[in-house]
Amino acid sequence: MSSSRTFEDKQPQRRASSGFEFLKGVGQVTGGTLLSITMLASSIVAGGLVGLAISFRNLPDVRQLRNFFPSETTYIYDVKGKLLTSIHGEANREVVPLDRISPNLKRAVLASEDSHFYDHHGINPTGVGRAVVVNAVAGGVKEGGSTVTMQLVKNLFLSRKRAFTRKLAEGVLAIRLEQILTKDQILEMYLNQVYWGHNNYGVQTAARSYFNKSAEYLSLGESAMMAGLIQAPEEFSPFASMKLAKQKQKEVLGRMLELNWINQSEYDSALKQEIKLGRIKSFQGSALPYITNTVAQELAKKFGRETLLKGGMRVQTTVDANFQSMAEETVVKWHKSLLGQGLSKNQIALVAIDPRTHFIKALVGGVDPKTSEFNRATQSQRQPGSSFKPFVYYAAFATGKYGPDSTVVDSPVSYQDGNGRYSPRNYDGGFSGPMPIRTALAQSRNIPVIKIGKAIGMNRVIETCRTLGIMSPMEPVTSLPLGAIGMTPLEMASAYATFANYGWQSPPTVIARVTDSSGNVLLDNTPKPQLVLDPWASAAIIDVMRTVVTNGTGKGAAIARPSAGKTGTTSSEKDIWYVGTVPQLTTAVWVGRDDNKQLASRATGGGMVAPIWKDFMEKALKNVPVENFKPPSQFSRPKSQ
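Quantities reported herein were computed from a predicted structural model and do not represent experimental measurements.

(A) How the structure looks around the nonpolar core. Within the largest apolar cluster, 115 residues are counted, with the highest numbers of intra-cluster contacts made by F391, F397 and F616. Sorting elements by how many residues they give to this core places helix α21 (residues 535-551) first, with 10 residues. Once residues within four sequence positions are removed from consideration, F391 is found in contact with T464, C465, L468, I470, M487, M492, A495, Y496 and F499. Of all hydrophobic cores here, the second largest spans 50 residues; its members include V96, L98, A108 and I262.

Right, dumping it as structure tokens:
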């Protein structure tokens, strides 16, 4: 809380005529009679409220406001601190301390709403008495007479209905509140609580919306205009009518001049000041919705939706906004290119992960988030096809019985599977005889990987997938090595990233750090890697996948540095993939249709997706030093199990 009465030296003494001036002309009561009634009513109300404070035992306990935290907007930033979006429920609010609110605004608000704020004890007897008389003459509740303290307790505790009993309750609660909080605490809470229009609650979001600046730097003219909004914010909003906003501004400045809180020169200058409007910011969309929606889902899962909407969290993501934009532009570019190649209605998802941290660096869930918010990178489970095969071969290497150069025979085979027999075929329909595992993966042969899977046991393959964070339902059926299960691009990228980090894994995340609005850390995702896979087997599968790029189906992904990867093409060409990695970045790219229909005859991951991966990685790695993978020889081979 800021200290003491910011403008006390400019506040005039209370004038006995104020009630009369306010009430003159309201009816058939004479001026002298009216003043007498006002003073009498003020005394009655003041005394009555003190008595009522004892009897109103069912009112809320204002002591809870000592630990009150108003709902605040959650802000999501990129890794460098650029604001990506804000998330809030009804109230778009950012709480700021009183000493970070312009003195101009404090004076303007109190001049407009409660010029005796620093003198009374919660109620202003003259103001309330005045209201009683006006209401009596009018035959209903027409005049409020509320102090800032009364307005605050009304906003926090009471219904909006205008009634005499509610007004009494306001007075009682205001008296109680003034006994437990200082004036500055009350004013700070009020300025952060009050509604300023266009879904802006509190001075900070209002100042940013109306004038594109912090509340700390509001000028006198801007402050007077904002103060004039409080009684009817949407009506007097400069966005709705600059004419009416200027009219209210002039009234507030006139009141400040009357109170001697500003001089004539300041008044004239404020009226002449050019008002440069900002823009309405509540409920604006995100510039990077695939990222911010993923963040929101993670936050809701971790903290609950209520905290997400009202908790005022400050979220630093793992994503650089420019890098993400580059990824999105790459997807749009290749979507158009694939349309030209006959892949109608194609969708593309891309996920890039730093294998050293498992921080997500880019996440694109589709071609256009404006036409479809469905995030195919995190929510769409599609068959990975042959890009699943490295999981099988890794599991074999981890047994110690197999290595990259172990021989497997590509020959016809038939298995009893359920109630019938299963006879797998290769993509080209032929057989190539004995070959090293390295060649079998490079050429994406189906029969060898099924034979290896059967030899080590499909349950071992499933166990490997679970360790890698793949949670999709799996059955130990003979066709499992061919990738006939549902997986998300995020799961694929994360799994390959663990291989690229030689078995070390952290949970993949798009959130680096979360604090509350005061800077207290709520979540710190500093990587804490755990060794979950065998390092030699991980290095061995990376080494084999390098051959996929140099001599196999992934030649279209070759870049001017060592890389490893695997193509994926499902039966009927419904899903095509390329998942690949360098030591510093792992990227999965998927192409398919939302209706799960065939993309095009002979559409393959190697022919159509590997070039997308290559294009993205060349841009992503432009200023990144070339690194080599560690060879399997740097690790100890597991003993044969």
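Further notes follow.
(B) Examining the pattern of salt bridges more closely. Taken as a whole, this structure holds 20 salt bridges when the rule is applied. Here R314 makes a salt bridge to E94, at a shortest N to O gap of 4.0 Å. Residue R314 is located in strand β5 (residues 314-317), and its partner E94 is located in the loop between β2 (83-87) and α3 (103-113); the two are separated by 220 residues in the primary sequence. For R314, a relative accessible area of 13% gives the class buried. When its relative accessible area of 14% is taken as the criterion, E94 is described as buried. Ionic pairing is found between R376 and D594, a salt bridge with its closest N-O pair at 2.8 Å. Of this pair, R376 sits in the loop between β7 (359-364) and α16 (389-398) while D594 sits in the loop between β18 (585-592) and α22 (605-620), and the two are 218 residues apart along the sequence. If you follow the salt bridges from partner to partner, you end up with E72, E94, R208 and R314 in one network.

(C) Highlighting the sheet that holds strand β13 (residues 511-515). Pairing in this open sheet of five strands is mixed, and the strands run β2-β1-β5-β13-β14 from one edge to the other. The strands lining the two open edges of the sheet, one partner per strand, are β2 and β14 (521-524). In this sheet, neighbouring strand axes are inclined to one another by 15 degrees on average, regardless of whether the strands run parallel or antiparallel. Where strand β1 (residues 74-77) meets β2, four bridges bridge the pair, whose relative direction is antiparallel. If you follow I76 over to β2, its bridge partner there is T85.

Procedures and definitions
- Residues numbered from 1 in each chain as written.
- Predicted model: local features only at pLDDT ≥ 70, side-chain atom pairs only at ≥ 80, totals over all residues.
- Heavy atoms only, no water.
- Core = buried A, V, L, I, M, F, W, Y, C linked by side-chain atoms within 4.5 Å.
- Buried < 20%, exposed > 50% of the residue type's maximum accessible area, 1.4 Å probe, protein only.
- Helix = DSSP H or I, 4+ residues; strand = E, 2+ residues; numbered from the N terminus.
- Contact = heavy atoms within 4.5 Å.
- Salt bridge = Lys/Arg side-chain N within 4 Å of Asp/Glu carboxyl O.
- Pairing = 2+ DSSP bridges.
- Axes fitted to C-alpha atoms, helices over the stretch in contact; angles between N-to-C directions.

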